Structure formats: C-alpha cells, structure tokens
Amino acid sequence: MNNEINPETNNPQDGSTQAAAAQVLEELLGQKAQLQKDLLDHQRVAQTLSQKAKALESEIHHWQHDYEQLRIQKGGFGFKALAAFSFGTLLFGIALGWLLFKQKQPDSIVFDKFNQAAGFSLEYHIAHQEYPAAERLISQYRHDPYYKTILPQLDLLLHLVQASKTASDSTQNAPH
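Residues numbered from 1 in each chain as written. Predicted model: local features only at pLDDT ≥ 70, side-chain atom pairs only at ≥ 80, totals over all residues. Heavy atoms only, no water.

(A) Seen up close, the packing of helix α2 (residues 106-127) against helix α3 (residues 131-142). Where α2 meets α3, the closest approach of the two axes is 8 Å, and the angle between their N-to-C directions is 165 degrees. The angle between the axes of α2 and α3 places the two elements in the roughly antiparallel class. Crossing handedness for the pair α2 and α3: left-handed. Residues F114, A117, A118, S121, L122, H125 and I126 of α2 touch α3, and the partners they reach there are Y131, A133, A134, L137, I138 and Y141. Looking at the contact of α2 with α3, its residues break down into 11 nonpolar, two polar and no charged. (Axes fitted to C-alpha atoms, helices over the stretch in contact; angles between N-to-C directions. Helix = DSSP H or I, 4+ residues; strand = E, 2+ residues; numbered from the N terminus. Parallel < 35°, antiparallel > 145°, perpendicular 65-115°, else oblique. Left-handed = near helix turned anticlockwise from the far one by under 90°. Contact = heavy atoms within 4.5 Å. Nonpolar A, V, L, I, M, F, W, Y, C, P; charged D, E, K, R; others polar.)

Right, here's the structure in full:
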C-alpha cells in the first residue's frame, strides 16, 4: 500500500480513510506479529512433543525388548531344562536297559538252554546215585553240535559226575 497522501485530493473523507487504512494496516501488522509469535510457539511445542513422542517410542521399544528377552529366557530355560532332563532320562534308560536286558554271552545262553533241557534230569540222576545215566545224558549233549561252544562246561560236569561216582563207590566199599 501506498502511504503517501495525494495532494490533488484534499478531501476530509480521504484523511479518515487513510487513518482507517493505517489503523487496519497496523492491526494487520500486529496480527502478523502475533501469528508469527504463535507460529514459533507452535513450532516449539511441536518440536517438544515430537521429542517426547520419540522418547516414549524409544522407552516402549526398550520395554518390549526387555519383555521379549524375559519371555525368551523364561521359555528358553524351560525348554532347555526339559530337553536336558529328557536327554538325561534317555541316557539313564539306555544304561538301565543295557544292564538289565543286555545280550548275554552266547555261551551263557547255550548253557542256560542246556540247564533248562537237562538240568533237572541230571540233578535227579545224581541225587539217586544213577551215575551211568547222568554220564550218558552229558555225553548226548557233548555230541550235539549246538552245545559245541560249552564243551568245557560239559566236560567239567562229566568229571564232577565221575568224581561223585568214585566217592560214592569208595564210601560203599569202606568197612563199617
């Protein structure tokens, strides 16, 4: 706007118009200054709020991270403990099974079968002093190829039966 007064028009109404325009201009400048001040205040408040929002987001992120770490630790420890306990139980079960149910030596299995098949008869013959029948029974098993692996044990049994027979004969022939 032009603040100059036009000399050609010296109208009293023009002076009031100019004064009104100056007043309006002054009010506008005041409002402009106020708006600029408000804008600066608004920018400071927005910046402060933005900083606070970032700080709160950072704190929330930190809390979420801490919560997840705690959840992982709690769950991880439970899983690790369960896995370790299960593995230990498995090893213990394997060891116990091996001790209780381990495969016996083949000789002991064959001797167990001999004991089941002829043990009672052998004891019966020895108890009733039927030594030749006991010797025949042992000889039958000595000649069986299945019992070849336990020949030393069968020979020992045969010698024990013969020793029992000799001892029995010497006690019967001894003077009373």
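Let us keep going from here.
(B) Looking closely at a nonpolar patch on the surface. Among the surface-exposed residues, F92, L96, W98, L99, L100 and F101 lie close enough to one another that they form a single nonpolar patch of about 760 Å² accessible area. By the element assignment, F92 lies in helix α1 (residues 12-101). Judged by relative accessible area, which is 56%, F92 ranks as exposed. (Patch = residues over 30% accessible without salt bridge, like charges linked within 9 Å, V, L, I, M, F, W, Y side chains within 5 Å. Areas by Shrake-Rupley, 256 points an atom, 1.4 Å probe, with all protein chains shown as cover. Salt bridge = Lys/Arg side-chain N within 4 Å of Asp/Glu carboxyl O. Buried < 20%, exposed > 50% of the residue type's maximum accessible area, 1.4 Å probe, protein only.)

(C) How the structure looks around the packing of aromatic side chains. Taken as a whole and judged by the stated rule, the model has six aromatic pairs. Judged by centre distance (5.0 Å) and plane angle (85 degrees), the rings of F114 and Y141 are edge-to-face. Of this pair, F114 sits in helix α2 while Y141 is found in helix α3, placing the two residues 27 residues apart along the sequence. Of the two residues, F114 and Y141, both sit in the buried class. Put simply, the rings of F111, F114, Y141, Y146 and Y147 touch in pairs and so form one group of aromatic residues. (Phe/Tyr/Trp six-rings, centres within 6.5 Å; stacked < 30°, edge-to-face > 60°.)

(D) Main features of the confidence of the model for the protein chain. Chain-level statistics for the protein chain give a pLDDT mean of 83 and a share of 86% at 70 or above. Per-residue pLDDT, averaged within each element of the protein chain, yields its smallest value for helix α4 (residues 151-173) (84) and its largest for α3 (90). (pLDDT = per-residue confidence, 0-100.)

(E) Just the pattern of salt bridges, in detail. Taken as a whole and judged by the stated rule, the model has two salt bridges. The closest approach of N and O atoms between D41 and R44, which form a salt bridge, is 2.9 Å. With D41 and R44 both in helix α1 and three residues apart, this pair spans about one turn of that helix. Take R44: its relative accessible area is 48%, and that puts it in the partly exposed class. Across the pair R142 and D155 runs a salt bridge whose closest N-O atoms are separated by 2.6 Å. Here R142, found in helix α3, pairs with D155, found in helix α4; they are 13 residues apart in sequence, far enough to count as distant. The partly exposed category is assigned to R142, whose relative accessible area is 28%. Classification of D155 as partly exposed rests on a relative accessible area of 26%.

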